[in-house]
Structures are given as structure tokens and as C-alpha cells.
Amino acid sequence: MSNSKSMTFIARTGDVEPGCPLQVHISGRPPIAVVRLADEFFVINDTCTHGEASLSEGDIIDGEIECPFHSGRFDIRTGAATMFPCVKALTVYPVKVEDDQVFAALDAGACADTPV
Ligand code: FES
């Protein structure tokens, strides 16, 4: 696993159903969520940037995740806020899939600061 030194194990691919975000707890940090869109996996912060909602309890609609509290949305691929009241981008982490395991570089997340 030489390429995975800075990558953290997140989940097994088989545990992530398409369209059904999975909340993951990593020791020492706020929860994250892994999302499967077709055959691609994305790892994002689980907490909405508008409030304390868990996005893994929200719906996935056309590549976006909808917050269960006030129905704000984020682009899952970029983290950009796409629907009010969300205006601050969500952090999206680089992902690597190796065999049947999803890894993410949790120290290398990026936000797409795109205003709504
Ligand atoms: S807490 Fe997510 S939209 Fe308000």
C-alpha cells in the first residue's frame, strides 16, 4: 500500500450504496461522509456549512446532496454550494479506491468557493 501513506481508510466500496451517503467517524475529527455516484466515490465533510445538520441524512439529487435541515444543496464533486441558504462550500477530499476499499486524503481537502 505504498501510495496510501497519507490516505485514510474510509469504507469498503460494498458498504456504500449508490444514492445513500454513509457517515463515517474518524478518531479526532468531525464526521465525514462517503457518497457513491455511479461507480465514483466522493468523501466530503458530513456537517453542513450552514448549520449542524448531518448531510449523510440528506438526499442525493442529480449529483448534489441536499441538507435535511433547510434544503440547501452542495455539488458532491466540487463541494460548491448550489442552493440557498448554503453559501459556503463544503470540503471535498481527494479519494483513491484500491481493491474494494475507499481511501481519502483527509489533510488535503479543498473547497470550491463558488457563490450561490
Ligand atoms: S443546516 Fe444545512 S441548510 Fe441549514
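Everything below is about the structure printed above this text.
Residues numbered from 1 in each chain as written. Predicted model: local features only at pLDDT ≥ 70, side-chain atom pairs only at ≥ 80, totals over all residues.

**Some remarks on the environment of Arg 29**
Turning to step 1, where the next piece is worked out: In this fold, Arg 29 is placed in the loop between β2 (22–24) and β3 (32–37).
Turning to step 2, where the next piece is worked out: Sequence separation of Arg 29 and Leu 106 is 77 residues, and the distance between their C-alpha atoms is 9.7 Å. (Helix = DSSP H or I, 4+ residues; strand = E, 2+ residues; numbered from the N terminus.)

**Describing the sheet that holds strand β10 (residues 95–98)**
Turning to step 1, where the next piece is worked out: Pairing is antiparallel in the open sheet, where 3 strands are placed in the order β1-β11-β10. Of all strands in the sheet, those bounded by a partner on one side alone are β1 (8–12) and β10. Pairs of neighbouring strands in the sheet enclose a mean axial angle of 30°, with direction left out of account.
Turning to step 2, where the next piece is worked out: Pairing analysis gives 4 bridges linking β1 to strand β11 (residues 101–104), with the strands arranged antiparallel. In the strand pairing of β11, Phe 9 is matched with Phe 103. (Pairing = 2+ DSSP bridges. Axes fitted to C-alpha atoms, helices over the stretch in contact; angles between N-to-C directions.)

**Remarks on the pairing of β11**
Turning to step 1, where the next piece is worked out: As defined by bridge partners, β10 adjoins β11 across 4 bridges and the pair is classed as antiparallel. The residue bridging Val 97 from the neighbouring strand is Val 102, located in β11.
Turning to step 2, where the next piece is worked out: Adjacent in sequence and paired antiparallel, β10 and β11 are bridged by 2 residues, among which Asp 99 carries a positive phi angle near 55°.

**Regarding the nonpolar core**
Turning to step 1, where the next piece is worked out: Counting 28 residues, the largest nonpolar core has Ile 10, Ala 33, Val 34, Val 35, Val 43, Ile 44 and Phe 74 as its most contacted members.
Turning to step 2, where the next piece is worked out: Put simply, the parts of the chain that give this core at least two residues each are β1, β3, β4 (40–45), β9 (91–93) and β11.
Turning to step 3, where the next piece is worked out: Setting aside its immediate chain neighbours within four residues, Ile 44 contacts Ile 32, Ala 33, Val 35, Ile 76, Gly 79, Leu 90, Thr 91 and Val 92. (Core = buried A, V, L, I, M, F, W, Y, C linked by C-beta atoms within 7 Å. Buried ≥ 20, exposed ≤ 12 C-beta atoms within 10 Å, placed from the backbone. Contact = placed C-beta atoms within 7 Å.)

**Structural notes on the sheet that holds β2**
Turning to step 1, where the next piece is worked out: A sheet is described by the order of its strands in space; here 5 strands give the open sequence β2-β3-β4-β9-β12, paired in antiparallel fashion. Each having just a single partner strand, β2 and β12 (110–111) make up the two edges of the open sheet.
Turning to step 2, where the next piece is worked out: By the bridge criterion, 2 bridges tie β4 to β9 in an arrangement that is antiparallel. Each residue of the ladder has a partner; that of Ile 44, found in β9, is Val 92.

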